[in-house]
Amino acid sequence: TRARASEIVPVQRSMAPELHPFEKAREYKRAVNAVKLDRHFAKPFVGALSGHFDGVQSMAKNPSSLSMIVSGACDGEIRRWCLTEQRQGARWTSQAHSGFVRGLAFSRNGHHFVSASDDKTVKLWSASAPASSTEP
């Protein structure tokens, strides 16, 4: 019984699964989701990008190249990787910042990328810099 017309009345529900009207549909949905997750995680492991001495905090993919990514670690190091030449390690490495590298982003054309760090600096880098170049 309600005192006012706008008052919400709690509905008594049974928590017994056999009495729930949508139990079969719910179990079917759970089974389908479980199969999807199994298929998703069953993909073969391709490889690891090893080389950072500390944990990787951020990564970015070059929009104009399918194989180039950059990664930034917690020790301030940035590495540029070519995924097609994975066995050779990073193509370019720089101790870019004195703090965590919190963000990496490529420009739209993919010629440059920026890095942001806890040392309160943002640096602009050339995506095609030679391996000997360590300055932005």
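To keep things clear, this report deals only with the structure shown in the data block. Quantities reported herein were computed from a predicted structural model and do not represent experimental measurements. (Residues numbered from 1 in each chain as written. Predicted model: local features only at pLDDT ≥ 70, side-chain atom pairs only at ≥ 80, totals over all residues. Heavy atoms only, no water.)

**So, the sheet that holds strand β3 (residues 77–82)**
Then, number 1: Within the open sheet, the 4 strands sit side by side as β1-β2-β3-β4. Their pairing is antiparallel. Of all the strands in the sheet, the pair left with one neighbour each is β1 (56–61) and β4 (92–95). Looking at each pair of strands side by side, their axes are set apart by 15° on average, direction ignored.
Then, number 2: One ladder, built from 5 bridges, connects β1 with strand β2 (residues 68–73); its direction is antiparallel. By the bridge assignment, valine 56 is partnered in β2 with alanine 73. (Pairing = 2+ DSSP bridges. Helix = DSSP H or I, 4+ residues; strand = E, 2+ residues; numbered from the N terminus. Axes fitted to C-alpha atoms, helices over the stretch in contact; angles between N-to-C directions.)

**Notes on the sheet that holds strand β5 (residues 101–106)**
Two strands in a sheet stick together by hydrogen bonds in their backbones, pointing the same way (parallel) or opposite ways (antiparallel).
Then, number 1: Spatial ordering of the open sheet is given by β5-β6-β7, a layout of 3 strands whose pairing is antiparallel. With one partner strand each, in any of the chains shown, β5 and β7 (122–126) form the two edges of the open sheet. Averaged over all adjacent pairs, the angle separating strand axes in this sheet is 20°, with direction ignored.
Then, number 2: Looking at chain direction, β5 and strand β6 (residues 112–117) are connected through 5 bridges and run antiparallel. From the neighbouring strand, leucine 104 faces β6, where its bridge partner is serine 115.

**A look at the side chain of histidine 97**
Then, number 1: Within the secondary structure, histidine 97 is located in the loop between β4 and β5.
Then, number 2: The class of histidine 97 is buried, set by a relative accessible area of 4%.
Then, number 3: Within the structure, the side chain of histidine 97 is placed 3.4 Å from the side chain of aspartate 119, a separation counted as a polar contact.
Then, number 4: When near neighbours in sequence (up to four residues on either side) are disregarded, histidine 97 contacts Asp75, Gly76, Ile78, Ser115, Ala116, Ser117, Asp119, Thr121 and Lys123. (Buried < 20%, exposed > 50% of the residue type's maximum accessible area, 1.4 Å probe, protein only. Polar contact = N/O pair within 3.5 Å; in protein donor to acceptor, adjacent residues only side chain to side chain. Contact = heavy atoms within 4.5 Å.)

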